[in-house]
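# An overview of the molecular structure
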There are 2 protein chains.
Amino acid sequence: MIYARLTPLAQRLPANVPFVGPEAQERVLGRPFKARLGANENVFGPSPRAIAAMAETEMWKYGDSESVELRAALAELHGIAPENIIVGEGIDGLLGYLVRLLVGEGDAVVTSEGAYPTFNYHVTGFGGVLHRVPYRDDHEDPARLFAKAAEVDAKLVYLANPDNPMGTWHEGAALARALDDLPQGSLLLLDEAYIECAPEGTAPELSADDPRVIRMRTFSKAYGLAGARIGYAIAAPELITAFHKVRNHFGLNRAAQAGALAAVQDQSYLKEVQTKIAEARRRIAQIAEENGLSTLPSAANFVAVDCGRDGAFAKAVLDALVARGIFVRMPFAAPQNRCIRISCSTAEELDHFAAALPEALADARGA
Amino acid sequence: MIYARLTPLAQRLPANVPFVGPEAQERVLGRPFKARLGANENVFGPSPRAIAAMAETEMWKYGDSESVELRAALAELHGIAPENIIVGEGIDGLLGYLVRLLVGEGDAVVTSEGAYPTFNYHVTGFGGVLHRVPYRDDHEDPARLFAKAAEVDAKLVYLANPDNPMGTWHEGAALARALDDLPQGSLLLLDEAYIECAPEGTAPELSADDPRVIRMRTFSKAYGLAGARIGYAIAAPELITAFHKVRNHFGLNRAAQAGALAAVQDQSYLKEVQTKIAEARRRIAQIAEENGLSTLPSAANFVAVDCGRDGAFAKAVLDALVARGIFVRMPFAAPQNRCIRISCSTAEELDHFAAALPEALADARGA
């Protein structure tokens, strides 16, 4: 039987799903969600120029396997060289390639307990061994991450700044200093998916050629193109080149490339979206406050609402919200799982959340 | 230095590029091609319904990670169950997942000398060992492929029907009979990328649950959606399930899913395209004949033109065409590399080819 011939690693992998998508949840519910506040998507959407560029794309043609125009625009935006940039199928796709390049069976990888599950999925998928350190005051803890990396001789250390699912962040300067303690032989994977939502100074000022770090960015969040599946990484050319050994060279959707290029070239639209995201964060905090709940300061396009008790209670609140057609998610690990995570959205969707939250809390308290 | 910590496999992989794309070639040429006849794209393009569906897609949302609607439509089209279908980022993406599931370092894989390089790229990329058998009369040779698989205990055997780059094909009934000689423990990967361009009866009638075979289909060819990067595989549910262990669950572009769904639902448009492809094949054969060249019968959206001498001569013809702004490709291996491969296209693009070919032949003969 052929399935007995899967690789030993593939045989022992669980049928793992990092996330259940909102459509899958809607099929279970039997109706669409009223508010889609769970996947940190950006309801404000992409630049109209990006929409036009995608619509004009001739989809019978394969995309440019080298993403030359997009890489040139990104290089200009960041003041770096195109050789420092690899474009890929979202951060998720790039994470898979990076893990494949570095992590073999039994290799150590360090992350935070409760951090991005899709990263963990890739590490497990290539046979790596995950070592997790706890958050510190709801922040990822670079000092502890790097100390653990030294202890276990980690090939890769994952750190999201701003953090998901808490929305907390470190100042770039502090992160740059903390890097001094990254052990030689460990690569820092700095996931900056939410960086465009963060205050000035959150991104550390590092040379793109710094061999200690690879940074990942995406068009899925502030740029509003989650459905396009396109993101990029910034690193030293030597590491960027290694991606070409394993990546799916013609894997990028042609319209996604055109849309991302147009989005990069419309920074004034991005500013408008940043303002809307900041407004939505304030509104979420206000709704929480009206219900006697506190929120965590956030530098991302979502807010962690502290439900004030344990994980079971927060889960009950979440379930009650989902039952009322409000799609939200929550942190996986204690004590962060005392929170639920609310994505920024329109006033109308947040009105639905505001209407449902008191009932959900009452349900959870009564449960 | 971190790059010394790439996995041993990643360190030894070449910086391999299965294909140089037409955009990359245009950058070298310094001007756009007049005719894009090299990548087996479909210039007739996707169904207008697919174009409309893509344009209407809300790109701020992630795609459905389970592709439920598309799988349902494909299941109906083929009279099989959705559990027999996995949708992925084109056949290229699905090839990568399948190889990853089955092929570890040193595992044997069988293909034809000169067959699809992207498959070879994935096999090498996961450390597999390729065994190649020659074509027989410009056809892939199932008997020899399966005999080699038995000899080397291959986990995977690659066979494209219709074949790329020659365009030749086997009748489905003959392939189904040949399968009796596939060794136990070998999985046949039947690449049917061009099947919608082939005569009735080219696809073997096999149960979708047949554990010996996985079939791959794409929206890049007859459906005209190469830029969307979407394809699917048909296999027994046990094998389909294994893909969920390694695939990028949210890797599909949302518009690509919507476009593919609309394309499947517009089979009458597909029929129009099939007619245009057949016309273009005849036109290519006619152009070749006017130049004293013969062509191979083709069941694909391209035609192999026999340049009548050796590989060096065909390469000279190809170079002379490219220099005249006609993008074409050619087979990699002898004796198939006596041919150049011309993708079906519009009358206008084929006029450019017709104008350039006599000069290109004269150049090559003079060289």
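Owing to the predicted nature of the structure, the values given are computational and were not obtained by experimental measurement. (Residues numbered from 1 in each chain as written. Chains lettered and ligands numbered in written order. Predicted model: local features only at pLDDT ≥ 70, side-chain atom pairs only at ≥ 80, totals over all residues. Heavy atoms only, no water.)

## Things to note about the interface of chain B and chain A
What counts is decided by this rule: Only heavy atoms enter the contact rule, under which two residues are in contact if any of them lie within 4.5 Å. Computed with a 1.4 Å rolling probe, the buried area is the accessible surface lost when two parts are put together, summed over both parts. What makes a salt bridge here is a side-chain nitrogen of Lys or Arg within 4 Å of a carboxyl oxygen of Asp or Glu, nothing more. Here a polar contact is taken to be a pair of N or O atoms separated by no more than 3.5 Å, where protein atoms must pair a possible hydrogen donor with a possible acceptor and residues adjacent in sequence count only if both atoms sit in side chains. Numbering of helices and strands starts at the N terminus; helices are DSSP runs of H or I of at least 4 residues and strands are runs of E of at least 2.
Contacts between the two partners involve 78 residues from chain B and, on the opposite side, 78 residues from chain A. Between chain B and chain A, roughly 6700 Å² of surface is buried when both sides are summed, and carbon and sulfur atoms account for 57% of that area. Three residues stand out in chain B for area buried against chain A, namely Arg5(B), Trp60(B) and Tyr62(B), and they jointly supply 13% of the buried area on that side. In this assembly, chain B and chain A are joined by eight salt bridges. Taking the shortest distance from any N to any O, the salt bridge between Glu23(B) and Arg254(A) comes out at 2.9 Å. If you look at where chain B meets chain A, you find 48 residue pairs in polar contact (both at pLDDT 80 or more). Mapped by element, the contributors of at least two residues to the side of chain B that touches chain A are helix H1 (8-12), helix H2 (22-29), helix H5 (90-102), helix H6 (117-125), helix H9 (237-243) and helix H10 (254-264) of chain B. It is H5(B) that contributes the most residues to the side of chain B that touches chain A, five residues altogether.

## Structural notes on helix H3 (residues 48-56) of chain A
Residue and element names in this part refer to chain A. How we decide: Exposure is judged per residue with a 1.4 Å probe applied to protein chains only, and the accessible area is read against the type maximum: over 50% gives exposed, under 20% gives buried, and values in between give partly exposed. Arc definition: it is the arc formed by the directions from the helix axis to the C-beta atoms.
Residues of H3 that are buried: Ala50, Ala53 and Met54. All buried residues of H3 fall inside an arc of 100° around its axis, so they share one side. The outward face of H3, more than 90 degrees from its buried face, is lined by the exposed residues Pro48, Ala55 and Glu56. Looking at the packing, one finds that the buried side of H3 touches helix H10 (254-264). N-cap assignment for H3: the residue whose side-chain oxygen lies 2.9 Å from the backbone N of Arg49 is Ser47.

## Digging into the domain arrangement of chain A
Residues and elements named next belong to chain A. Heads up, the rule is: An automatic or database domain assignment supplies the start and end points of every domain.
Under the domain assignment used here, chain A contains domain 1 (19-44 + 268-366) and domain 2 (49-265). Each of domain 1 and domain 2 has a C-alpha centre, and the two are 25 Å apart. The partner domain 2 presents 25 residues to the 25 residues of domain 1 that form the contact. For the pair domain 1 and domain 2, the summed buried surface comes to about 2000 Å²; carbon and sulfur atoms form 63% of the total. Broken down residue by residue, the surface that domain 1 buries against domain 2 is led by Leu270, Ala299 and Gln336, which jointly contribute 26%. A salt bridge links Arg338 to Asp138, with the nearest nitrogen and oxygen atoms 2.6 Å apart. Sorting the residues of the side of domain 1 that touches domain 2 by element identifies helix H11 (267-290), strand E10 (302-306) and strand E12 (339-343) as the ones contributing at least two each.

## Here we look at the packing of aromatic side chains
Aromatic rings in a pair are described by how distant their centres are and how their planes are angled relative to each other. Residue and element names in this part refer to chain A. Rules: In summary, the pairing rule links any two rings of Phe, Tyr or Trp, Trp by its six-membered ring, whose centres are within 6.5 Å, and it sorts them by plane angle into stacked for under 30 degrees, edge-to-face for over 60 and tilted for everything else. Sitting over a ring, as applied to charges here, requires NZ of Lys or CZ of Arg to be within 6 Å of the ring centre and within 35 degrees of the ring normal.
In total, this model carries 16 aromatic pairs over all chains according to the counting rule given. Seen from their ring centres, Phe19 and Tyr116 are 6.1 Å apart, and the 40° between their planes marks the pair as tilted. Within this pair, whereas Phe19 is found in the loop between helix H1 (8-12) and helix H2 (22-29), its partner Tyr116 is found in the loop between strand E3 (108-112) and helix H6 (117-125), the two being separated by 97 residues in sequence. In terms of burial, Phe19 and Tyr116 fall into one category: buried. An aromatic cluster of at least three residues, connected via ring pairs, comprises Phe19, Tyr116 and Phe332. The cationic tip of Arg341 hangs over the ring face of Phe302; the distance from NZ or CZ to the ring centre is 5.4 Å.

## Some details on the nonpolar core
It is characteristic of soluble globular proteins that their nonpolar side chains tend to be buried jointly. The following threshold applies: What makes a nonpolar core is a set of buried Ala, Val, Leu, Ile, Met, Phe, Trp, Tyr and Cys residues whose side-chain atoms join them at distances within 4.5 Å.
Residues Phe119(A) and Phe119(B) are the most contacted members of the largest nonpolar core, which totals 236 residues. Leave out the neighbours within four places in its chain, and Phe119(B) touches Leu95(B), Val99(B), Val109(B), Thr111(B), Leu130(B), Leu156(B), Tyr158(B) and Leu189(B).

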